[in-house]
Each structure stands twice: as structure tokens, then as C-alpha cells.
Amino acid sequence: MAVKKTSKKPNVSADELLGYYREMLLIRRFEEKAGQLYGMGLIGGFCHLYIGQEAVVVGLEAATKEGDKRITSYRDHGHMLACGMDPKGVMAELTGREGGYSKGKGGSMHMFSAEKHFYGGHGIVGAQVPLGAGLAFSDKYKGNDNVTFAYFGDGAANQGQIYETFNMAVLWALPVIFVIENNQYAMGTSQKRSTSTPDLYTRGEAFGIPGEIVDGMNVLAVKEASEKAVAHCRSGEGPYILEVKTYRYRGHSMSDPAKYRTREEVQKMREERDPIEQIRSMLLTGKHATEDELKAIDKEIKATVNESAEFAKESPEPHLDELWTDIYAENLPQETA
Amino acid sequence: MAIELLMPALSPTMEEGTLAKWLVKEGDTVKSGDILAEIETDKATMEFEATDEGIVGKILIAEGTEGVKVNTPIALIGEEGEDMSAPEPAAATEKPDDTPAVAAPAAPAVVSESAIEFAPSDTSPDWPAGTEMKSMTVREALNEAMCEEMERDENVFMIGEEIGEYQGAYKISQGMLDKFGEKRIIDTPITEHGFTGIAVGAAFGGLRPIVEFMTWNFAMQAIDQIINSAAKTLYMSGGQMGAPMVFRGTNGAAARVGAQHSQDYAAWYAMVPGLKVVMPYSAADAKGLMKTAIRDNNPIIFLENEILYGRSFEVPVMDDFTIPFGKAKIEVEGSDVTIVSFGIGMTYAMQAAEKLAEDGISAEVINLRTLRPIDYATILESVKKTNRCVTVEEGWPVGSIGNHLGATIMQEAFDYLDAPVINCTGKDVPMPYAANLEKHALLTTDEVIAAVKKVTYR
């Protein structure tokens with residue numbers, strides 16, 4: 001199957017386009033700021049940026065409703081912003097501060113929001129996929145029509161537990177959308193060098209899971225595919241696979257020497273396929289917005305991101321007592337009798 | 001206003017680097033994403049990208065400079081027409097606060113605080129005196145406990161291999177499919193890693209799974225999900241979500257099943273913060289602890305034993321019989337030596353105590369029941385009374401539960417000891433198949449007796 005372009009003329013309103021523009025731009029500016037803070041030593045450890053992949057989460061989230069769940073790997077900042085988590089809390093977790101979503105105890109790769117049904121943020125490649133199917137299992141068990149988005153990359157697609165999960169997801173008709181964010185490089189290993197099949201979504205065929213390839217640089221194409229997958233899952237038909245072809249502009253993590261691809265390859269993608277530029281030009285050529293209006297949005301987003309960075313710097317480090325909390329959940333007296 | 005470009009930290013451990021090459025020169029216009037310089041870190045040569053638009057003003061650090069500390073200003077970026085001949089005062093720049101770039105280790109202060117809490121020993125009986133008792137096997141006790149809890153809470157379900165239609169490889173779930181239906185008694189394919197992950201996810205989603213591993217040996221396939229996902233998520237999420245669930249199955253050696261099917265995981269799991277670890281001995285332990293495990297809001301490792309499944313013990317007839325975690329049971333009172341054990345190890349400890357009594361040695365036998373939390377108080381009080389201790393377990397000697405107890409007793413009751421603590425364990429070998437070899441690899445009652453005689457100098 002070839003990469004699908006949005007077939008029809010996009011039937012979207014100016015407001016919708018502006019919304020996507022705003023959300024994608026927030027992710028990009030946030031990630032650029034995170035990169036800066038990392039360079040300044042304010043963010044430590046591993047930090048995996050989402051720059052280039054913004055259309056994937058923004059498009060997928062466009063088809064969700066309250067109650068739907070999402071879970072992903074360690075490249076998770078974009079997912080958190082796209083599901084409505086507060087940039088301040090995310091940035092403060094990156095700096096390891098008390099105001100972070102995990103009180104500074106999780107870091108970039110391990111962040112959660114019960115309120116927004118964001119189940120992490122997982123550092124072990126592929127482990128989030130059975131967990132995601134388990135979340136879908138819990139919704140099916142309870143008898144509601146929520147769906148779960150289980151995101152993983154082309155690298156994780158070679159982990160055995162993914163296929164164990166595919167099998168059970170079909171056997172038990174779990175309402176889970178497996179989203180393969182194929183950014184073409186598993187750390188420094190290109191898909192060609194790591195993967196026997198050119199199209200990863202076809203691996204679901206052996207289990208009878210329908211799937212398709214989506215142009216992950218085009219937010220409208222992603223949204224359209226997401227709606228289709230969500231409708232399938234919500235109606236009780238079982239799992240669905242979306243292989244979203246995308247590209248990360250930055251390194252795998254902050255300490256990536258980038259020897260496995262050329263600067264030209266990255267530059268070409270940025271110049272010709274950039275998801276934010278695509279929407280920007282659509283807004284301008286369709287006369288949905290003026291340069292000045294877009295500039296005002298840029299300014300507003302920059303301010304939001306700067307505020308989050310300020311918060312993340314000013315929030316205090318967690319109190320030393322936090323070392324010893326949240327290891328065990330409390331049991332209410334009546335629970336253990 | 002010119003912005004100072006600072007020497008970036010480009011790896012988790014970088015403190016300084018070499019500014020290998022400038023790819024821009026003074027006066028160049030740059031935009032976000034343009035490569036400004038190549039910087040050599042401790043790991044690799046990295047490209048340093050611009051994150052803002054502007055014009056390269058003054059280059060402050062020449063290419064080829066080695067040992068440039070992270071956060072040193074290396075160039076100025078400004079807007080067109082701006083005078084950038086001199087650096088702006090520091091106040092105008094985005095500078096990190098005083099926190100060092102690579103955080104120095106925090107002051108040890110509170111951190112060295114012991115994680116071991118010595119609550120006073122709880123010696124209350126497990127059930128009131130005069131309670132009606134009935135004889136029951138460990139297998140029946142486990143089944144009854146799970147059935148009672150599934151009736152009590154509809155969010156409890158059971159998942160595993162052959163637990164439904166087959167009625168359980170060891171018949172622990174016998175009859176449960178008929179009672180609760182296939183929604184709640186879920187047969188899985190042979191796919192431990194996958195179904196364990198699904199169960200942990202279901203627990204994140206608000207259910208209370210009981211995961212049966214046909215044996216704990218097979219849980220090795222799933223140990224990442226048990227430790228990295230189930231045990232750590234509560235902490236990593238700052239208390240927002242965790243995994244209230246029970247992982248259970250038969251653990252340790254059975255008979256003649258060889259190395260891959262005969263391993264005791266007690267010490268492995270007891271090491272992990274975030275897990276609670278239960279290893280029952282009697283049917284009453286099995287029933288009361290299983291009910292507590294299912295109600296607990298944390299991931300529980302419940303280590304059963306095939307040889308004990310068929311043994312019968314007295315179990316109290318009560319509406320709701322539970323045993324709290326962290327409460328050891330003194331099975332035999334004595335004054336000359338303390339024998340501490342758990343699970344199948346208790347059979348050797350009990351036999352040894354009986355034979356030792358014939359020789360006039362009074363052994364106190366402590367059944368730990370839970371290995372996380374451990375009831376240190378009961379052990380220490382007993383050792384302070386008997387002044388000697390032997391630990392008994394089936395697992396391997398290195399990094400055993402006995403090692404940990406020995407160290408704790410040494411720290412907390414050194415002056416009371418009249419002899420070194422001896423750890424009786426399985427032998428330091430993979431389990432052999434041959435009958436004679438297997439017998440020698442396993443712990444024996446005679447070894448426990450010999451250890452007691454050694455510490456009592458008999």
C-alpha cells in the first residue's frame with residue numbers, strides 16, 4: 001500500500017486548522033526549549049525530542065473522546081502536550097522538580113497523568129504495548145466504549161511481546177489502536193537494516209488485524225486515519241494498526257552523534273515535508289489566516305513555553321522525604337480487615 | 001538584545017568538551033535548526049544546532065579550544081543592526097540558576113536512613129481462641145481464598161495458562177470457571193511476557209488481576225513487566241497510579257524436574273522495592289495471606305510450593321479470615337536457638353526442631369510468611385532470648401534471604417550472639433535430574449540439625 005494522501009479536498013474549518021497549527025507548534029517550541037534546558041544542564045539523563053513528529057499525536061488525538069487512554073514509550077513529551085497535560089508540569093518533571101507530574105521522581109521517560117488518562121512514559125522498548133492492551137482490556141471488562149492508543153516505534157516493532165499482544169488483542173477483541181510511529185530509525189539503525197518487511201503494519205495481517213500506512217507528516221491524513229481506527233475499535237471490532245510514517249529531525253536522544261544519516265536527508269525532510277509548514281501554508285493560501293495572525297499565535301506559544309521553562313526552573317527540588325514516599329500504596333483499614 | 005550561546009551539555013555525563021569547529025562565522029544569519037558548531041563530548045562529536053533566529057555576533061571561544069566547561073558563553077546571537085562587540089552583562093542573559101550543570105550528589109543527610117523499620121513484635125494469635133477449625137489442604141485453602149475474594153469484588157479476575165477449562169495445571173483454580181465464567185477466569189495462550197503485561201495494564205486501568213504462572217520459572221519471561229512496570233510505576237508516577245494485583249504460582253523444586261523447573265525466587269523478588277513478597281507454609285497461611293494479597297493495593301508476589309499443595313493443616317472456620325503482611329508466626333516456642341524459615345523450608349525446620357527436642361535442645365521456630373515486609377522484630381526478640389540463629393531456605397546461598405537476616409541480626413543484636421548465624425540453603429548448583437544428585441542438591445533436615453548443633457556447641 002502506498003502512502004495515502006488525503007484523498008479529497010480537505011473538508012476542515014479554519015478553526016480546526018488553526019487548532020492543529022497551535023498544538024503542533026506548542027510541541028515544537030516546547031521541545032526546542034527542552035533541548036536548550038538540556039544544553040544548560042537543567043535537564044539531565046536521557047531526553048528524547050519529538051521534533052518532526054508533531055502531526056502524529058495531534059492528528060490521532062483529534063479523534064478521541066473523554067475516557068480514551070493513551071500510553072507510549074520514552075519519546076513522550078508530544079503525547080503529553082497533545083492530550084492536554086500542562087506544559088508547566090511536564091517541563092518541571094524534565095528538570096526533576098517538585099512541580100513536575102511525577103514530583104520529579106519520574107523524569108523525561110516516566111511521566112503519567114491519571115486525570116488525562118495518560119499512562120506513561122515507559123523506558124523499556126515495547127513494554128508499553130501489552131500494557132496498552134491491558135488498559136483496553138480494563139475498559140472492555142467494565143463494558144464501556146473507550147479505546148486505548150498504544151504507541152510504539154519502528155524499533156519496538158521487533159520486540160516479541162508486541163506479537164504476543166497482537167495475538168491476544170484479536171482473541172479477546174480488545175479496543176486498542178496500535179500506533180507504529182515509524183520515524184525510520186531505531187536509535188541509529190535504519191528500518192532497512194533492522195526489519196525484514198518493508199511495511200510494518202502488514203505484520204498484523206498474520207493475526208487478522210486490519211491496518212494501513214498513514215502519512216505522518218500530514219496532520220489531516222493522520223486525523224482521517226485515526227477516525228477510521230477509532231470507529232473500528234469503538235464498535236467492538238477489536239484492534240487496529242496504524243503505521244504512521246514520520247521523521248524525527250533531532251537525534252535519538254540528546255547525545256546522538258548522528259553518523260547514521262546525512263545532514264541533507266534531514267534538511268530535505270524539513271524543507272519539503274514539515275508538518276507545521278504544511279498547515280501554515282494551507283492556512284495562508286486558503287486565506288484562513290494572515291501572516292500577522294499566525295505571528296500572534298507564535299508569540300503566544302512562545303510565551304506559554306517560556307512560562308513553563310520559568311516554572312520548571314523556579315519549582316523547588318523535591319523534598320528529601322520524597323525519596324521514601326510512593327513506594328507502596330496505602331491500604332484502607334476496611335480493605336485488609 | 002543579544003543572547004549568549006552557552007556551551008551545551010550534550011550527554012548525561014558531560015562536564016566539558018572541545019569546541020572542534022565553527023560552521024558559522026560572525027555576521028551570518030541563522031535560523032532554528034541550523035548547525036552552528038561541532039562539539040566533541042566525552043562520547044562523540046556532536047552537532048550543535050541553533051534554536052533561535054538571529055545573526056551571529058561575536059564568537060567568544062575559538063575553534064579548537066579544549067576543555068570548555070558546560071554553560072560557558074561561546075558566542076553571541078543578536079538581531080540585525082545590534083552592537084554585539086562586547087558581551088551583555090550577565091543579568092540580561094538566560095543563565096541557569098546556581099545549580100551546577102551536572103548536579104553534585106545531594107548531601108547524604110537523611111538518605112542513609114535505614115529502610116528497615118522495627119515495629120514492636122505483634123504476637124497476637126491469627127484467630128481467636130476457641131474458633132472452630134477444619135482440616136484443609138494448601139490447595140483447597142488457596143482456591144477458597146480466591147473464590148471468596150472474587151465474590152467480594154467483581155474487579156478481581158484471574159488470568160493464566162490452563163486455569164479455566166483444564167481446571168488448573170496444579171488444580172488450584174479447580175471449579176472456578178464454572179463459578180465465575182470466562183469473563184473472569186481467562187485462559188491465555190502460552191505467552192507469559194504478553195499476558196503479564198496485559199494484566200499489569202489492566203491493573204493500571206482499575207482492575208485487580210490475579211496472574212497465575214504455571215510455575216514461577218516461566219515468570220522469568222515476564223520479569224520485566226513485573227519489576228519495571230508493576231513494581232515501579234507508583235513511584236515513577238509520583239503516586240498517581242500503580243498495580244494492585246497478585247502474581248502467584250508454584251515456586252521452587254518439585255521432584256526430578258531438573259534445573260529449569262526447580263528454582264526458588266524468594267530472594268530475587270524480595271529485593272525489589274514496590275513489591276510485597278509472600279511465601280506461605282501452612283493452609284491457614286495460604287488462605288489468610290491470599291485474601292490479604294488480593295485486597296492489597298500493591299503488586300504482590302505469592303510464592304507457592306507444589307509439594308505443600310497436597311499437605312493438610314488446620315484452618316479456622318471464619319467468615320473473613322485474613323493474616324496481615326509483616327507478621328511472622330512462632331510455630332514452636334523454644335529457648336536454645338532460633339530457627340527462621342519460610343515456605344517449604346519450614347518442613348525441614350519443623351522436623352529438625354522435633355528431633356532436636358529429643359536431644360534436649362529447645363529450638364524456637366519462626367515462620368516468616370512474608371519476605372517483604374519482613375517481621376524483623378519477632379526475629380530479633382527471639383535471637384536476643386536464644387542468642388543463636390540458623391536460617392533455613394531452599395534457594396541458593398549467594399544473596400539469600402538468610403544472608404540478609406544474618407547481616408541484620410549482626411547489626412541489631414551483635415552483643416546478644418553467642419555464635420555466628422548459619423544459613424542453611426540449597427546447594428550452589430543448578431538442580432540436577434539424577435535422583436541421588438537431586439537429593440544432595442536440596443536442603444535436608446539433617447543439615448539443619450547439624451547447623452543447630454554447631455551454633456549450640458553440642
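Computed from a prediction, not measured in an experiment: that's the story for all the values here.

*Asks:* Hey, could you run me through the overall build of chain A in this one?
*Replies:* Along the backbone of chain A there are twelve helices and eight strands. On C-alpha atoms alone, chain A measures out to a radius of gyration of 20 Å, which is about the 20 Å that the 2.2 N^0.38 rule sets for 337 residues. The principal-axis extent of the C-alpha atoms belonging to chain A is close to 65 × 50 × 40 Å. Every one of the 337 residues in chain A was classed for burial, and the buried ones make up 57%.

*Asks:* Help me out: how do you make sense of the overall build of chain B in this one?
*Replies:* Per the secondary structure count, chain B includes 13 helices and 22 strands. In terms of overall dimensions, chain B is more spread out than a globule: its C-alpha atoms have a radius of gyration of 30 Å, far above the 23 Å expected for 458 residues. Dimensions of chain B, computed from C-alpha atoms along their principal axes, come out at roughly 95 × 60 × 45 Å. Considering chain B as a whole, with its 458 residues, one finds that 49% of them fall into the buried category. Taking contacts inside chain B between residues at least 6 apart in sequence as the whole, the part at least 24 apart equals 75%.

*Asks:* Just checking my understanding: could you explain the packing of helix α1 (residues 14-39) of chain A against helix α2 (residues 54-61) of chain A for this structure?
*Replies:* Packed helix pairs are specified by the crossing angle of their axes together with the interaxial distance, meaning the distance between the axes. Residues and elements named next belong to chain A. Packing of α1 against α2 brings their axes to within 9 Å, and their N-to-C directions diverge by 135°. As judged from the angle between their axes, α1 and α2 are oblique. As for how α1 packs across α2, the hand of that crossing is right-handed. When α1 is examined against α2, the residues Y20, E23, M24, I27 and R28 are found in contact with a partner set consisting of E54, A55 and V58.

*Asks:* In this structure, what is going on with the packing of α1 of chain A against helix α10 (residues 275-285) of chain A? I would like to understand it.
*Replies:* Residue and element names in this part refer to chain A. The interhelical angle for the contact between α1 and α10, taken along N-to-C directions, is 150°, at an axis separation of 10 Å. Here α10 runs roughly antiparallel to α1, going by the angle between their axes. Where α1 crosses over α10, the handedness of that crossing is left-handed. In this structure, α1 uses L17, L18, Y20, Y21, M24, L25 and R28 to contact α10, whose residues at the interface are P275, I276, I279, R280, M282 and L283. For the contact of α1 with α10, a count of residues per class yields eleven nonpolar, no polar and two charged.

*Asks:* Before we go on, may I ask you to explain the interface of chain A and chain B in this structure?
*Replies:* Accessible area lost when the parts come together is the quantity often used to give the size of an interface. Counting from both sides, the interface comprises 57 residues of chain A and, opposite them, 65 residues of chain B. Broken down by secondary-structure element, the contributors of at least two residues to the side of chain A that touches chain B are α1, α5 (128-142), α6 (160-171) and α12 (333-336) of chain A. The element best represented in the side of chain A that touches chain B is α5 of chain A, accounting for ten residues. The class makeup of the residues in the side of chain A that touches chain B is 27 nonpolar, 20 polar and ten charged.

*Asks:* How should the sheet that holds strand β1 (residues 69-72) of chain A be read in this particular structure?
*Replies:* Either a parallel or an antiparallel arrangement is found when strands of a sheet pair, and the pairing is made through backbone hydrogen bonds. Residue and element names in this part refer to chain A. Spatial ordering of the open sheet is given by β2-β1-β3-β4-β8-β7, a layout of six strands whose pairing is parallel. Pairing within the sheet leaves two strands with one partner each, and these edge strands are β2 (118-121) and β7 (211-215). Each strand axis lies, on average, 20° off the axis of its neighbour in the sheet, ignoring direction. Sheet analysis places strand β4 (residues 176-182) next to strand β8 (residues 240-245), joined by six bridges and oriented parallel. Opposite E181, over in β8, you have V244 as the bridge partner. In the packing of α5 onto the sheet, the strands contacted are β1, β2, β3 (148-153) and β4, and the crossing angle to β3 comes to about 175°.

*Asks:* Quick question: what am I supposed to make of unusual backbone geometry here?
*Replies:* The phi torsion of most residues other than glycine is negative, and most of the peptide bonds are trans. All names here are of chain B. The amide bond that connects R372 to the next residue, P373, takes the cis arrangement and shows omega of 0°. Inspection of the secondary structure puts P373 in the loop between β20 (370-372) and α10 (376-386). The phi torsion at R369 lies on the positive side, around 70°, for a residue other than glycine. Here R369 shows up in the loop between β19 (363-367) and β20.

*Asks:* Sorry, what's going on with the domain arrangement of chain B here?
*Replies:* Residue and element names in this part refer to chain B. Domains assigned within chain B are domain 1 (3-81), domain 2 (133-316) and domain 3 (329-455). Taken together, the contact pairs 23 residues of domain 2 with 22 residues of domain 3. If you list the elements that add at least two residues to the side of domain 2 that touches domain 3, you get α6 (266-270), β14 (276-278), α7 (283-295) and α8 (306-309). Considered class by class, the residues forming the side of domain 2 that touches domain 3 number 15 nonpolar, four polar and four charged.

*Asks:* Would you mind showing me how to read the pairing of strand β13 (residues 245-250) of chain B here?
*Replies:* Regular strands place their side chains on alternate faces of the sheet. Residues and elements named next belong to chain B. Within β13, six of the six residues are buried, leaving the element largely enclosed by the surrounding structure. Of the strand pairs in this sheet, strand β12 (residues 208-215) and β13 are connected by five bridges, and their pairing is parallel. Of the residues in β13, the one forming a bridge with F213 is G249. Direction of pairing for β13 relative to strand β15 (residues 299-304): parallel, over a ladder of six bridges. The residue bridging F247 from the neighbouring strand is I301, located in β15.

*Asks:* Which parts of the structure should I look at to understand the environment of M91 of chain A?
*Replies:* All names here are of chain A. Inspection of the secondary structure assignment puts M91 in helix α4 (residues 87-94). Classification of M91 as buried rests on a count of 29 C-beta atoms within 10 Å. For the pair M91 and V57, spaced 34 residues apart in sequence, the C-alpha separation works out to 18 Å. With near-sequence residues (within four places) excluded, M91 lies in contact with S308, A309, F311 and A312.

*Asks:* Sorry if this is basic, but what is going on with the nonpolar core here?
*Replies:* Across soluble globular proteins, you tend to see nonpolar side chains buried next to one another. The biggest cluster of nonpolar side chains holds 219 residues, and the ones touching the most others in it are I177 of chain A together with I339, V390, V448 and V452 of chain B. Here this core gets eleven residues from one element, more than from any other, and that element is α1 of chain A. With sequence-adjacent residues up to four places away left out, V452 of chain B is seen in contact with V337, I339, A352, L356, I361, A363 and V390 of chain B.

*Asks:* Any chance you could explain the pairing of strand β10 (residues 156-160) of chain B here in plain terms?
*Replies:* Residues and elements named next belong to chain B. Judged by how many residues are buried, β10 sits mostly within the fold: five of five residues are covered. Taken together, the five bridges between β10 and β12 define a ladder with parallel strand orientation. Paired with F157 across the bridge in β12 is P209. Examined bridge by bridge, β10 and strand β11 (residues 185-187) share three bridges and lie parallel to one another.

*Asks:* Looking at this structure, I do not really get the sheet that holds β10 of chain B. What am I missing?
*Replies:* Residues and elements named next belong to chain B. Ordered in space as β11-β10-β12-β13-β15-β14-β20, the seven strands form an open sheet in which the pairing is mixed. A single partner strand is all that each edge strand has here, and the edge strands are β11 and β20. The average undirected angle you get between the axes of adjacent strands in this sheet is 20°. Where β14 lies against β20, two bridges are found, and the strand directions are antiparallel. In the strand pairing of β20, V278 is matched with T370.

*Asks:* What am I meant to see in helix α11 (residues 291-314) of chain A here?
*Replies:* Because each turn of an α-helix spans 3.6 residues, side chains separated by three or four positions in sequence point in the same direction. Residue and element names in this part refer to chain A. Taking 1.5 Å of rise per residue, 24 residues should cover 34 Å, and α11 covers 34 Å from first to last C-alpha, within 8% of that figure. Among all positions of α11, only I301, V305, S308, A309 and A312 are buried. Packing partners of the buried residues in α11 comprise α1 and α4.

*Asks:* Teacher, can you tell me more about the environment of V125 of chain A here?
*Replies:* Residue and element names in this part refer to chain A. For V125, the position within the fold is in the loop between β2 and α5. Among the residues examined, V125 registers 20 C-beta atoms within 10 Å and is labelled buried. In sequence terms V125 and L294 are 169 residues apart; their C-alpha atoms lie 38 Å from each other. Contact partners of V125, with chain neighbours within four places excluded, come to S73, G155, A156 and Q159.

Each value, and the rule that gives it
Residues numbered from 1 in each chain as written. Chains lettered and ligands numbered in written order. Predicted model: local features only at pLDDT ≥ 70, side-chain atom pairs only at ≥ 80, totals over all residues. Helix = DSSP H or I, 4+ residues; strand = E, 2+ residues; numbered from the N terminus. Rg over C-alpha atoms; globule rule 2.2 N^0.38 Å. Buried ≥ 20, exposed ≤ 12 C-beta atoms within 10 Å, placed from the backbone. Contact = placed C-beta atoms within 7 Å. Axes fitted to C-alpha atoms, helices over the stretch in contact; angles between N-to-C directions. Parallel < 35°, antiparallel > 145°, perpendicular 65-115°, else oblique. Left-handed = near helix turned anticlockwise from the far one by under 90°. Nonpolar A, V, L, I, M, F, W, Y, C, P; charged D, E, K, R; others polar. Pairing = 2+ DSSP bridges. Domains from an automatic or database assignment. Core = buried A, V, L, I, M, F, W, Y, C linked by C-beta atoms within 7 Å. Expected span 1.5 Å × (residues − 1).

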